[in-house]
Amino acid sequence: MITTMRRRIFISMFICMFVTGLLFYFVLSSWLPRQNTALAEDRLKKSLNLAAQIVSLSPGGNWQGIVDRLAEASGYRVTIISAGGHVMADSTLKLDDFAFAEDHGQRSEIAEALRIGFGFSLRHSSSLTSHFIYAARAVPEHNIVLRLADPVKQVIYPPWPWLLLAGLMGVALILIASHLLANRYARPIQEISACLPNLEDSCLGYPWRALNCDPWIKQMAHSLETMGKNFQQRLEQLNQDAMRLKSLLQSLGKPVLTINRQGRITLCNQAASDLFGKDLIGKNQATVLRNADLLAAVDQAAGGRQAVIDEVRLADGQIWDAVCSPILDAGNQPEVVVVMHNLTQLKKMASMRRDFIANFSHELRTPLAVIKSAQETLSGLMGGNKDSIRFLESIARQVERLQRLLEDLLALAHLESPEWHCTAHRPISARQLMDETRLAMEEKAEPANVKLQVEPMNDDLSFMGEYNTIERALINLLDNAIKYSPPGEQVVMRSYAADNRLIIEVEDNGPGVAPEHQARIFERFYRADKSRSAPEGSTGLGLAIVRHAALLHGGEAGHKNQNESGSIFFIALPLL
Ligand code: ADP
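Residues numbered from 1 in each chain as written. Predicted model: local features only at pLDDT ≥ 70, side-chain atom pairs only at ≥ 80, totals over all residues. Heavy atoms only, no water.

Asks: In this structure, what is going on with the overall build of the protein chain? I would like to understand it.
Replies: Within the protein chain one finds 15 helices and 17 strands. Of all 576 residues assigned to the protein chain, the portion counted as buried reaches 37%. Of the roughly 33400 Å² of accessible surface on the protein chain, 57% is carried by carbon and sulfur atoms. (Helix = DSSP H or I, 4+ residues; strand = E, 2+ residues; numbered from the N terminus. Buried < 20%, exposed > 50% of the residue type's maximum accessible area, 1.4 Å probe, protein only. Areas by Shrake-Rupley, 256 points an atom, 1.4 Å probe, with all protein chains shown as cover.)

Below is the structure:
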């Protein structure tokens, strides 16, 4: 990391320096020479003016002597040319060379000086074979032209070797700087990143504050340390939660297991191992559960919908219920949790209870029938004794009540028995059912002065069911409606379709059911108003039979209060 960073710093600094050097070069090689030339030109002109003054004041004749002294004093090349262009004296040419010197009258600076008094040029000197700046001035007192020249090389070119040396020193400096910067930034970052994979333990003991690095890296290190501590706390919390969950699962006593999207067991408790076998983790659900209903329920839950199986008989012969729920917040890989509950004992007890009630009710029927016939015989024998008649009537009422209770108990026991499922089901017309029950209940409605009505309907809706069971349920609802309706009121029956279900309603104008009782009136022996003496014919089992009948047909029974008074009881069944 350090090497990479050093290399990066070096390359970027080198590029910066190279670009700066190029700019510098262009400035030096274009602007500086121009600047230098202008300065040299200016200096040359001033020296020329001074030299021209001196020459004009001199007596003339010994031009070479004057030229040599002027050259020595100014450092320039000094030439005196006659008005005809002939070189009369020059500080760098020997006297013998004058004869071979070209006619200088054609040189631009000389020609201009002869023409307008002053001339200037920058060009190559054919006599000295190098570049010069020339400045010439006419000295009319002696009819000559005085010219000063300065070699271009001296003034134009920047000190390239020095600049090169400076460049090399710059590269060396960059190398040192990149090394120091890399050490300052990359080393601490390297140490921090080496520590990150083991954030949960080694980071906490790391001397972050002792790092010799920039404050912002220290700050970053400090934040990482805090993050590590939080992370560790969370981890501990998660571990604790996991431990708690594990203990909870183990102590639950019910088999619980989770299944992932691939159908593999990911978690199970001891009870699940006891039921399905050891070493379940990682096994395929099909080899573990080995029950089509259970597997279908798991599939449904994997699709996002909870599935409940009321009764599943496993290979061991035991009866279980199972709740399969999707674990929705598990992201892209939803798991299914299966919780099972052993129903074997419950089912056994329920069956015993059912058998007991059925047998008990059956056994009571005969003595009750005997009591009833004895009471009737006694009533005939007693004659007009009022007290005897009162007692005998009371006996008769209680016997009838007991008989009704036994009938209802037997009816419930029948609905709960497995035999009920063997009874024949057939399509039943709602209209026919309502008409027939109305006729059957007229006998009871008339003495109570209650009018029974079937609301006319457009469609004849029908459903699949066991006629006697549903008829009995409807009779119970009508019976209640008649019982609780004040005399002179009417009870209405109606049917309609809603949400693919057939709804049969029985509406009365009785006292209604208080909201706090509504949830419980379908329970066995539950009475809404316990203080009120039960009406004639009440057993407390009527609505329990209604609900059971509806459930057996895949429907439900319910109640809704009228706005002011009265109730509506309904049975909802799947439409045919
Ligand atoms: P019961 O034989 O006592 O009528 P049910 O199971 O049929 O037993 O009814 C349970 C309770 O529900 C009743 O005791 C009564 O309080 C209430 N109930 C049932 N039907 C009606 C109704 N049509 N109007 C008012 N209350 C009713």
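Asks: I tried to follow the pairing of strand 9 (residues 319–327) on my own but got confused; where do I start?
Replies: Side-chain positions along a regular strand alternate between the two faces of the sheet. Sheet analysis places strand 8 (residues 307–313) next to strand 9, joined by 5 bridges and oriented antiparallel. Residue pairing across strands places V312 opposite W320, the latter belonging to strand 9. In this structure, strand 9 lies alongside strand 10 (residues 335–342), joined through 8 bridges in antiparallel fashion. Within the sheet, the bridge partner assigned to V323 lies in strand 10 and is V339. (Pairing = 2+ DSSP bridges.)

Asks: Quick question: what am I supposed to make of the packing of helix 12 (residues 430–445) against helix 13 (residues 467–484) here?
Replies: If you want to describe how two helices pack, look at the angle between their axes and the distance between the axes. With their axes 10 Å apart at the nearest point, helix 12 and helix 13 run at an angle of 45° to one another. By the angle between their directions, the pair helix 12 and helix 13 is classed as oblique. Along this stretch, helix 12 crosses helix 13, giving a crossing that reads as right-handed. Seen from helix 12, the contacting residues are Q432, L433, M434, E436, T437, R438, M441, K444 and A445; seen from helix 13, they are Y467, I470, E471, L474, I475, L478, D479 and I482. (Axes fitted to C-alpha atoms, helices over the stretch in contact; angles between N-to-C directions. Parallel < 35°, antiparallel > 145°, perpendicular 65-115°, else oblique. Left-handed = near helix turned anticlockwise from the far one by under 90°. Contact = heavy atoms within 4.5 Å.)

Asks: What's the story with the packing of helix 11 (residues 386–416) against helix 15 (residues 542–552) in this structure? I'm lost.
Replies: Close contact between helix 11 and helix 15 brings their axes to 10 Å; oriented N to C, the two are set at 20°. With respect to helix 15, the axis of helix 11 lies roughly parallel. Crossing of helix 11 against helix 15: the hand is left-handed. Taken together, the residues of helix 15 that come into contact with helix 11 (itself represented by D408, A411, L412, L415 and E416) are G542, A544, I545, H548, A549 and L552.

Asks: Mind showing me how you'd approach the sheet that holds strand 9 here?
Replies: Strand pairing within a sheet occurs via backbone hydrogen bonds; the two strands may be parallel or antiparallel. Strand order in the open sheet made by the 5 strands is 7-6-10-9-8, with antiparallel pairing throughout. Looking along the sheet, the strands with just one partner apiece sit at the ends: strand 7 (265–268) and strand 8. Each strand axis lies, on average, 20° off the axis of its neighbour in the sheet, ignoring direction. The sheet contact formed by strand 6 (residues 256–259) and strand 7 spans 3 bridges and is antiparallel. Bridged to L257 within strand 7 is C268. Contacts from helix 9 (residues 292–302) reach strand 6, strand 8, strand 9 and strand 10 within the one sheet, and its direction differs from that of strand 9 by about 20°.

Asks: So what exactly am I meant to see when it comes to the sheet that holds strand 12 (residues 451–454) here?
Replies: Read from one edge to the other, the open sheet built from 5 strands follows the order 12-14-15-17-16, with strand pairing classed as mixed. Among the strands making up the open sheet, the edge pair consists of strand 12 and strand 16 (556–561). For this sheet the average axis-to-axis angle between neighbouring strands, irrespective of direction, equals 20°. Relative to strand 17 (residues 567–574), strand 16 runs antiparallel, the two being bridged by 6 bridges. If you follow N561 over to strand 17, its bridge partner there is S567.

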